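# Observations on the model geometry
Each chain is listed here by its residues.
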Amino acid sequence: MNYNDLTRKYFESAANAGELQGPGVFRGAAGDHAQGTWVQFDLQIKAGTVAAARFLAFGCPHTIAVAAWLADQAVGGRPQPVLQESVQALRERFAVPVEKTGRLLVIEDAWLAAVLPAIDYREGTHIVTG
Amino acid sequence: MPVYLDHAATTPVEPRVAARMAEVLSSETEFGNPASSSHGYGDVAAALVETARAQVAAAVGAAVHEIVWTSGATEANNLAIFGVAQYYRERGRHIVTARTEHKAVLDPCRELERRGWQISYLVPDREGLLDPSQVAAALRPDTVLVSLMHVNNEIGVVQDIAAIGAICARHGGAWLHVDAAQSVGKCPLHFASLGADLMSLSSHKVYGPKGVGALVISQRADLGGRGRVQLSAQQFGGGQERALRAGTLPTHQVIGMGLAFELASKISSVETARVAHLRQRLWHGLAALGGVLRNGSATRSVPHILNVSFEGVEGESLIAAIRPYLAVSTGSACTSAAAEPSYVLRALGRGERLSESSLRFGLGRTTTEEDIDAAVATVSQALNRLRQVAGTTPVA
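Residues numbered from 1 in each chain as written. Chains lettered and ligands numbered in written order. Predicted model: local features only at pLDDT ≥ 70, side-chain atom pairs only at ≥ 80, totals over all residues.

### Digging into the overall build of chain B
Where we set the bar: Counting from the N terminus, the helices are DSSP H or I runs at least four residues long and the strands are E runs at least two residues long. The quantity called the radius of gyration is restricted to C-alpha atoms. Its globule counterpart is 2.2 Å times the number of residues to the power 0.38. Exposure is read from a count of other C-beta atoms within 10 Å of each residue's own; the residue is exposed at 12 or fewer, buried at 20 or more and partly exposed in between. C-beta atoms are placed from the backbone.
When helices and strands are counted, chain B shows 13 helices and 15 strands. Against the globule reference of 21 Å for 396 residues, chain B gives a C-alpha radius of gyration of 22 Å, in line with a compact fold. With the principal axes as the frame, chain B shows a C-alpha extent of 75 × 55 × 40 Å. Taken across its 396 residues, chain B has 50% of its residues classed as buried.

Okay, here's the thing in structure tokens:
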């Protein structure tokens, strides 16, 4: 399997891998280890923007790279009820084979599961632990 | 270049073999067609071919005239399976093989199935071993062939071919074909003692050139009064190789295989013990990483192959992470974007995820302790990182 430079870069660094805890953290996950793809996002919201973002991903290099990129891009922006780019655009950006589109949909589901409750968040009303 | 631990896939050509092949290729007297009996050039080439035939025969305990050259083990398997099936088609159309065979056996069997033959696929135990009684139970009056490998190419386990050969001989109608591509130079192999009727050999697994192999065809006539195994040719055109495999023989390839087999037969017990020690070092290093499962029997296997599955990581990511540093085979067949888990490991009862996250380490003559330690370090680093990214171990 060949990967483009962006996929290799984010797969190899995976700089934002991890979890967040505390006030203003919203967590969403989708997929299943047993099915080969599982993704989780943690978003920390402060003053209406994403102050920090982390991800965990069990999956192929494309899955890890796209999740890492989304977490990277999210910081500083307002939580939106969509991905920063469409699944199709992500597929092209990371040269994801069409057969792997389902894995991008898992990422989208995890992202939406994290971000949707965060959109109307007001400080002090939501805490994630553990 | 990454550390090469994929000797079960192929081996580098032994320098003495390469040198001899180059001599033949550039010679002004050894380039003749071995089938040209009308002049001395042909005689010289034919003599080289026959010397190589004797070298291969001696290395595997066969008679010289039992060796038929092919382009490799895949062609030898095809010739054995289709050749027997076609020749004995009026006597029976049932074949016994195993789910863990190489594709070069399974695909011909599936093609025969498509043409109306019936195939019984034996399932090994969780260690990858067949009980010879499974073969006995699968034999039917219309069984014409049993095709089983000696050493499994993915997990390295060694089947009890001699016991299976005895069962086939008692049956009287089932010929035994053995794919021994992984055996030569790695474990004792003596065709005459094996009880097999047909045996496939490969050159490039034994530090010889790619593109040449052989099918050993038993010429023993005293096998329970059933005579000698007969084959229908699958290739026509010049009557070479006793009309079983037509085509001009590639002299340089053949002499390369001959010398490679001669050298392999001289591998000392010291070298075998050295490789076995390296495999133990590798296994202990990997096992210490935690969540590492060994695939296949540890006791009934060649010392050159170690197959392990890793918990908590996805297979494609594992191979992508180690690929720059380590050349090994993965448990997935990445022939498409979506990898398929190893059917061999699945047959052993491994789940889909663990089958995908498996690696086959193939050790060889040039493998050193430093290579093994580097491999363990590479896998350790990849495993730790991917498990952290997957959340299957705490993030530091």
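Once you've had a look at it, read on.
### Points about the overall build of chain A
How we decide: Contacts here follow a simple rule: the backbone-placed C-beta atoms of the two residues must lie within 7 Å.
Broken down by element type, chain A carries four helices and five strands. Reading the secondary structure of chain A in the N-to-C direction produces α-β-β-β-β-α-α-α-β. The C-alpha radius of gyration of chain A comes to 14 Å, within 12% of the 14 Å expected for a compact globule of 130 residues. C-alpha extents for chain A along the principal axes are approximately 45 × 30 × 25 Å. Expressed as a percentage of the 130 residues in chain A, the buried residues total 43%. Taking contacts inside chain A between residues at least 6 apart in sequence as the whole, the part at least 24 apart equals 66%.

### Some thoughts on the pairing of strand S4 (residues 49–58) of chain A
Residues and elements named next belong to chain A. Operational definition: Pairing between strands is defined by DSSP: at least two bridges between them are needed.
With seven of its 10 residues buried, S4 lies for the most part within the structure. Where strand S3 (residues 37–46) and S4 come together, nine bridges link them in antiparallel fashion. Across the sheet, residue Asp-42 finds its bridge partner in S4, namely Arg-54.

### Some remarks on the interface of chain B and chain A
Stated formally: Residue type decides the class: Asp, Glu, Lys and Arg count as charged, Ala, Val, Leu, Ile, Met, Phe, Trp, Tyr, Cys and Pro as nonpolar, and the leftover types, Gly among them, as polar.
Residue-level contacts link 14 residues of chain B with 19 residues of chain A. Counting only elements with at least two residues in the side of chain B that touches chain A, the list comes to helix H10 (315–322) and helix H13 (369–390) of chain B. Among the residues making up the side of chain B that touches chain A, the classes are represented as seven nonpolar, four polar and three charged.

### What about the domain arrangement of chain B?
Residues and elements named next belong to chain B. Formally: Note that the domain bounds reflect an automated or database-derived domain assignment.
Here chain B is described as being made up of domain 1 (15–265) and domain 2 (268–390). Using C-alpha coordinates to define each centre, domain 1 is positioned 29 Å away from domain 2. At the junction of the two partners, domain 1 supplies 18 residues and domain 2 supplies 16 residues.

### Describing the nonpolar core
Counted only if it meets this: Only buried residues count toward a nonpolar core: Ala, Val, Leu, Ile, Met, Phe, Trp, Tyr and Cys, linked into one set through C-beta atoms within 7 Å.
Judged by nonpolar contacts, the single largest core of 150 residues is most densely connected at Leu201(B) and Val216(B). Shared between two domains, this core holds at least three residues of each, these being domain 1 (15–265) and domain 2 (268–390) of chain B.

### Considerations on the packing of helix H9 (residues 269–287) of chain B against H13(B)
Residues and elements named next belong to chain B. Convention followed: Throughout, an axis means a line fitted to C-alpha atoms (over the contacting stretch in the case of helices), and angles, computed between N-to-C directions, take values from 0 to 180 degrees. Note that the term roughly parallel is reserved for angles under 35 degrees, roughly antiparallel for angles over 145, roughly perpendicular for angles of 65 to 115, and oblique for everything else. Put simply, a crossing is left-handed when the front helix is turned counterclockwise from the back one by less than a right angle, and right-handed when it is turned clockwise.
At a closest axis distance of 9 Å, the pairing of H9 and H13 adopts a crossing angle of 20 degrees. In terms of orientation, H9 and H13 fall into the roughly parallel class. The two elements H9 and H13 meet at a crossing, and its hand is right-handed. Contacts between H9 and H13 pair Leu-278, Arg-281, Leu-282, Gly-285 and Leu-286 from the former with Glu-369, Ile-372, Ala-375, Val-376 and Val-379 from the latter. Across the contact of H9 with H13, the residue classes break down as seven nonpolar, one polar and two charged.

### Here we look at helix H4 (residues 101–115) of chain A
Working note: α-helix, 3.6 residues per turn, so residues spaced by three or four point in the same direction. Residues and elements named next belong to chain A. Note the cut-off: Here, expected helix span is obtained from the residue count minus one, scaled by 1.5 Å. Taking the helix axis as origin, the arc is that swept by the directions to the C-beta atoms.
Counted at 1.5 Å a residue, the expected span for H4 with its 15 residues is 21 Å, and the 21 Å between its end C-alpha atoms agrees. Along H4, the positions that sit buried rather than exposed are Arg-103, Leu-104, Val-106, Ile-107, Ala-110, Trp-111, Ala-114 and Val-115. Taken down its axis, H4 places every buried residue within 160 degrees of arc, on the same side. In this structure, the buried side of H4 is in contact with strand S2 (25–32), S3, helix H2 (61–74) and helix H3 (87–93).

### Side note on the sheet that holds S2(A)
All names here are of chain A. Taken in spatial order, the three strands line up as S2-S3-S4 in an open sheet, and their pairing is antiparallel. The open sheet has two free edges, formed respectively by S2 and S4, since each of these has just one partner strand. Averaged over neighbouring strand pairs, the angle between their axes works out to 10 degrees when direction is ignored.

### Considerations on the environment of Leu318(B)
Residues and elements named next belong to chain B. Secondary-structure assignment places Leu-318 in helix H10. What makes Leu-318 buried here is the crowd of 23 C-beta atoms within 10 Å. In the structure, Leu-318 is positioned 135 residues away from Ser-183 in sequence and 29 Å away in space, judged by C-alpha atoms. For Leu-318, the residues in contact, after removing those within four places along its chain, are Phe-310, Val-313, Ser-357, Ala-382 and Leu-386.

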